[in-house]
Amino acid sequence: MDPVELFHQVAATVPAYRAFLAENNVNPAEITTFGDFERLPMTTKDTYTHRHALPDLCRDGVIGDMVAVSSGSTGEPSFWPRSASDERVIAARFEEVFRDSFAAREHRTLAVVCFALGTWVGGLFTINCCRHLAERGYPITVVAPGTDRREIARVLPELAPYFDQVVLLGYPPFLKNVIDTEDLPWAAWNVKLVTAGEVFSEEWRTLVAERAGMADPVRGIASLYGTADAGVLGNETTLSVEIRRFLSARPGIARELFGESRLPTLVQYDPEVRFFEEHQGTLLFSGDNGIPLIRYHIADEGGVIPYDRMLDFVRRHGFAPTAPSPERPFVYVFGRSHFTVSYYGANVYPENIAIGLEQPEVSGSVTGKFVMEVTEDSRHDRHLTVTVELMPGEKPADETAQAVGESILTQLLRLNSEFAAYVPPAQQMPFIRLREAGDPEYFPPGAKHRYTR
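What comes next concerns the included structure. Note that this is a predicted model, so its numbers are computed, not measured.

Now for the overall build of the chain. Helix and strand content of the chain: 16 helices and 18 strands. Relative to its length of 453 residues, the chain is compact, with a C-alpha radius of gyration of 23 Å against a globular reference of 22 Å. Referenced to the eigenvectors of the C-alpha coordinate spread, the extents of the chain come out at roughly 60 × 60 × 50 Å. A burial count over the chain gives 56% of its 453 residues as buried. Here the chain displays about 18,700 Å² of accessible surface, and carbon together with sulfur accounts for 50% of that area.

Moving on to the pattern of salt bridges. Scanning the model with the defined rule gives 27 salt bridges in all. For arginine 39, the salt bridge is made with aspartate 36, and the minimal N-O distance between the two is 2.7 Å. In this structure arginine 39 comes out as exposed when scored by relative accessible area, which is 62%. Glutamate 236 serves as the salt-bridge partner of arginine 205, at 2.9 Å between the closest nitrogen and oxygen. Taken as a pair, arginine 205 in helix 8 (residues 202-211) and glutamate 236 in the loop between strand 8 (231-235) and helix 10 (238-248) lie far apart in primary sequence, 31 residues in all. Judged by its relative accessible area of 0%, arginine 205 is buried. One salt-bridge network, held together by shared partners, links Lys176, Asp180, Arg211, Arg379 and Asp381.

Here we take up the side chain of threonine 385. By the element assignment, threonine 385 lies in strand 17 (residues 382-390). Among the polar contacts made by the side chain of threonine 385, one reaches the side chain of threonine 375 at a distance of 2.9 Å. Discounting chain neighbours no more than four positions away, the residues touching threonine 385 are Val371, Met372, Glu373, Thr375, Phe431 and Arg433.

It is worth spelling out the pairing of strand 18 (residues 431-435) at this point. By the alternation rule, side chains of strand 18 split into Ile432 and Leu434, which are all buried, and Phe431, Arg433 and Arg435, of which none is buried. Pairing analysis gives five bridges linking strand 17 to strand 18, with the strands arranged parallel. Each residue of the ladder has a partner; that of valine 388, found in strand 18, is leucine 434.

Right, let's get into the packing of aromatic side chains. Tallying each qualifying case throughout the model produces 25 aromatic pairs. A centroid spacing of 4.9 Å and a plane angle of 85° characterise the contact between tyrosine 343 and tyrosine 344, whose relative ring orientation is edge-to-face. For the ring pair phenylalanine 370 and tyrosine 451, a centre distance of 4.7 Å and an interplane angle of 55° mean the geometry is tilted. Here tyrosine 451 lies in the segment after strand 18 and phenylalanine 370 lies in strand 16 (residues 366-376), a separation of 81 residues in the sequence. Note on tyrosine 451: relative accessible area 29%, which makes it partly exposed. Members of the aromatic cluster, each reached through a chain of ring pairs, are Tyr225, Tyr269, Phe276, Phe285 and Tyr296.

Before going further, it helps to spend a moment on the pairing of strand 7 (residues 221-227). With respect to burial, strand 7 is a largely interior element, six of its seven residues being buried. Pairing geometry for strand 6 (residues 191-196) and strand 7, over four bridges, is parallel. Bridge pairing links leucine 193 to isoleucine 221 in strand 7. Bridge analysis of strand 7 against strand 8 gives four bridges, and the strand direction is antiparallel.

Turning our attention to the sheet that holds strand 16. Spatially, 16-17-18 is the arrangement adopted by the three strands of the open sheet, whose pairing is mixed. The open sheet has two free edges, formed respectively by strand 16 and strand 18, since each of these has just one partner strand. The mean angle between the axes of side-by-side strands here comes to 25°, regardless of whether they run parallel or antiparallel. Against the sheet, helix 13 (residues 350-357) makes contact with strand 16 and strand 17, and its axis sits at roughly 135° relative to strand 16, the strand it touches most. The strands that helix 15 (residues 398-415) touches are strand 16, strand 17 and strand 18; relative to strand 18, the one it contacts most, it runs at about 130°.

Phe98, Leu156, Leu168, Leu169 and Leu193 are the most contacted members of the largest nonpolar core, which has 80 residues in total. Setting aside its immediate chain neighbours within four residues, leucine 193 contacts Phe102, Leu168, Leu175, Ile179, Trp204, Val208, Met214, Gly220, Ile221 and Ala222. Residues Phe7, Val14, Leu57 and Tyr269 belong to the second largest nonpolar core, which totals 38 residues.

Taking 1.5 Å of rise per residue, the 15 residues of helix 5 (residues 121-135) would be expected to cover 21 Å, and the 22 Å separating its terminal C-alpha atoms lies within 8% of that figure. Among the residues of helix 5, Val121, Gly122, Gly123, Phe125, Thr126, Ile127, Cys129, Cys130, His132 and Leu133 are the ones counted as buried. Looking one or two residues beyond helix 5, the residue adopting positive phi is glycine 137, at roughly 100°.

What follows deals with the packing of helix 10 against helix 11 (residues 251-258). The contact between helix 10 and helix 11 brings their axes to 7 Å, and the two run at 120°. The angle between helix 10 and helix 11 places the two elements in the oblique class. Between helix 10, through Phe246, Leu247 and Ser248, and helix 11, the contact on the second element is made entirely by Pro251, Ile253, Ala254, Leu257 and Phe258. Considered class by class, the residues forming the contact of helix 10 with helix 11 number seven nonpolar, one polar and no charged.

Conventions and cut-offs
Residues numbered from 1 in each chain as written. Predicted model: local features only at pLDDT ≥ 70, side-chain atom pairs only at ≥ 80, totals over all residues. Heavy atoms only, no water. Helix = DSSP H or I, 4+ residues; strand = E, 2+ residues; numbered from the N terminus. Rg over C-alpha atoms; globule rule 2.2 N^0.38 Å. Buried < 20%, exposed > 50% of the residue type's maximum accessible area, 1.4 Å probe, protein only. Areas by Shrake-Rupley, 256 points an atom, 1.4 Å probe, with all protein chains shown as cover. Salt bridge = Lys/Arg side-chain N within 4 Å of Asp/Glu carboxyl O. Polar contact = N/O pair within 3.5 Å; in protein donor to acceptor, adjacent residues only side chain to side chain. Contact = heavy atoms within 4.5 Å. Pairing = 2+ DSSP bridges. Phe/Tyr/Trp six-rings, centres within 6.5 Å; stacked < 30°, edge-to-face > 60°. Axes fitted to C-alpha atoms, helices over the stretch in contact; angles between N-to-C directions. Core = buried A, V, L, I, M, F, W, Y, C linked by side-chain atoms within 4.5 Å. Expected span 1.5 Å × (residues − 1). Parallel < 35°, antiparallel > 145°, perpendicular 65-115°, else oblique. Nonpolar A, V, L, I, M, F, W, Y, C, P; charged D, E, K, R; others polar.

Put into structure tokens, the structure is as follows:
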């Protein structure tokens, strides 16, 4: 993709972007080089998409043939038009996974869509992309039980025996929970997984592969990196998974590469259709979508690594990848910045938690300070955990923790429609940990408070 050429196309055809440039005193005719492009103002939800009418954000002021919805901290929806051409580009990411990791051209495949259905971004888009692969000649059949566990358990025994392999597509903790708790012959069905929405550990990949009876975790589980704003931006390849598994056992080398020892999602992307930049440890991207976006700040912490640099780096550290892969750049993603956490694919915001702590039934016992995080237990199951600071003189008590948890959950379900739709009811109640005022680990006096970990 030539980002300068894309810029001129968007400036000429998208009314909202023309207005945005005028507001920022940018003359499109003066943007002629990549250096000029890099100096363009970033776009964000607050400065761009939320400030303009939906038609004005689209080419020629015309909304596409489909609209998907995502919701933020208040439950107020964001609308993302799509078109068939958008789906074809994104279907290529699914195709790479199904072809190169799952050998789906040679095997009759049942694709089981376990993302939330309805207006939400993930489910219907995944169905459409899988059907695009069927149109391209892949022997793929799609069934879409969504997040209805009873329906998953009902359709799989009926359909799976007719296929060579079964691919479950959904959020990582949901798929693991289904495999762990549904008494089904997973190993007999040659199960594969396509995940999205959350970073998981390589220990998680290994454990889930074992429980599903997979012979090869590298070729059995693949993660997609996507956003509501632009669909799927990149995908794990066998090469990126091999590299990530090498780094997972070597946090010092991972820190040298990523700047942190924690392990991000590591995917490859197609520079012909997506253009990434780094900005202060976060990602910008440009792409032609239902809403074309230029230098859009998606608030994901991460960075970009060219293909040659990545291969040189791992070889210098003694690792020789064996998996074939396209010679495309890598993008790594730690997750959303701006203090959100991702849980079952839903963004959970500090504002949701704060309102729960401000309710009269609990506000007298707590200061309003808290830390939210997604923790993983010894079984590699994930939990939304909220550590809450008590008022001075208050001591932790089970009754207080129960009341705090119920208040937070009530407000989450009220305010955050993604949480209500994506997270299974049994996993919605947060784990509450109460700490005394001024706790040195979570609430040190005088320190700038961070609401997430």
